[in-house]
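A look at the structure
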Amino acid sequence: ERNVPLHRHGYIELMYAYKGTFTHRFGEEKVLLEEGDLLVMNQYVEHCVVESGEENIGINIIAVPEFFEKPFQMLKRSWIFWWRCSDGIPESRSI
């Protein structure tokens, strides 16, 4: 079992549970992530991972809030948006 100490940071963090389970703690509250779950944490939220086995795989994505400005603007006029990983440019489409 691997533990990550309580911490906070100045960026938004997304954690995708790719394989296994992860238990995050926010104060006294615990959140269990299972395979396929996505956790989104705002800036400066104090948190830690309290349970994570050696075989688990979690994918963390970190970004400053400004990273989301363009996609959120797109949502105001479109139904969907996505990031094309090859160029990092958000795209949108009305459906």
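None of these values were measured; they are calculated from a predicted model. The written sequence of each chain sets the order in which its residues are numbered from 1. Side-chain atom pairs in this predicted model are given and counted only at pLDDT of 80 or more, local residue features only at pLDDT of at least 70, and totals for whole chains, interfaces and linings cover all residues. As a rule here, side-chain values cover all heavy atoms of the structure and leave hydrogens and water aside.

1. Here we look at the overall build of the protein chain
Helix and strand counts for the protein chain stand at 1 helix and 8 strands. The N-to-C order of helical and strand elements in the protein chain reads β-β-β-β-β-β-α-β-β. Every one of the 95 residues in the protein chain was classed for burial, and the buried ones make up 26%. If you take every contact in the protein chain between residues at least 6 apart in sequence, the share linking residues at least 24 apart comes to 53%. Using a 1.4 Å probe, the Shrake-Rupley method yields the accessible areas, and only the shown protein chains count as cover for residues. Summed over its atoms, the accessible surface of the protein chain is roughly 6800 Å², and 54% of this surface lies on carbon and sulfur atoms. Runs of H or I in DSSP of at least four residues are treated as helices and runs of E of at least two as strands, each being numbered from the N terminus. Only protein chains enter the calculation, and the probe is 1.4 Å; a residue is then buried if its accessible area is under 20% of its type maximum, exposed if over 50%, and partly exposed in between. Only heavy atoms matter for contacts: two residues are in contact if any of them lie within 4.5 Å across the pair.

2. Observations concerning the side chain of His-9
With respect to the helices and strands, the residue His-9 is situated in the segment before strand 1 (12-19). The term polar contact refers here to a pair of N or O atoms within 3.5 Å; inside protein, the definition further demands a hydrogen-donor-capable atom paired with an acceptor-capable atom, and it admits residues adjacent in sequence only when both atoms are side-chain atoms. Within the local environment of His-9, its side chain forms a polar contact with the side chain of Glu-13, the two groups lying 2.8 Å apart. The residues contacting His-9, other than those within four sequence positions of it, are Gln-43, Tyr-44 and His-47.

3. Details of the pattern of salt bridges
By definition here, a salt bridge exists when the distance from a side-chain nitrogen of Lys or Arg to a carboxyl oxygen of Asp or Glu is within 4 Å. Considering all chains together, one arrives at 1 salt bridge under this definition. We note a salt bridge from Arg-8 to Glu-46, for which the minimum N-O separation is 3.2 Å. You can see Arg-8 sitting in the segment before strand 1 and its partner Glu-46 sitting in the loop between strand 4 (38-41) and strand 5 (48-52), a full 38 residues away along the chain. Glu-46 gets classed as partly exposed once you look at its relative accessible area, which sits at 36%.

4. Focus: the sheet that holds strand 4
Sheet architecture is open: 3 strands sit in the order 4-1-6, paired in antiparallel fashion. Strand pairing shows two members of the sheet lacking a second neighbour, strand 4 and strand 6 (57-63), which therefore form its edges. Taken over all neighbouring pairs, the strand axes of this sheet differ in orientation by 15° on average, direction set aside. Across 4 bridges, the pairing between strand 1 and strand 4 is antiparallel. Bridge pairing in strand 4 places Glu-13 opposite Met-41. The pairing criterion for strands is at least two bridges between them, as found by DSSP. Only the contacting stretch of a helix is used when fitting its axis, a line to C-alpha atoms as for every element, and angles between N-to-C directions run 0 to 180 degrees.

5. A word on the nonpolar core
Only buried residues count toward a nonpolar core, which is a set of Ala, Val, Leu, Ile, Met, Phe, Trp, Tyr and Cys residues joined through side-chain atoms within 4.5 Å. Core analysis: the biggest nonpolar cluster contains 7 residues, these being Met-15, Ala-17, Phe-22, Phe-26, Leu-33, Leu-39 and Met-41. Looking at this core, the elements with two or more residues in it are strand 1, strand 2 (22-26) and strand 4. When residues no more than four places from it in sequence are discounted, the contact partners of Phe-22 are Met-15, Ala-17, Val-31, Leu-32, Leu-33, Glu-51, Ser-52, Asn-56, Ile-57 and Gly-58.

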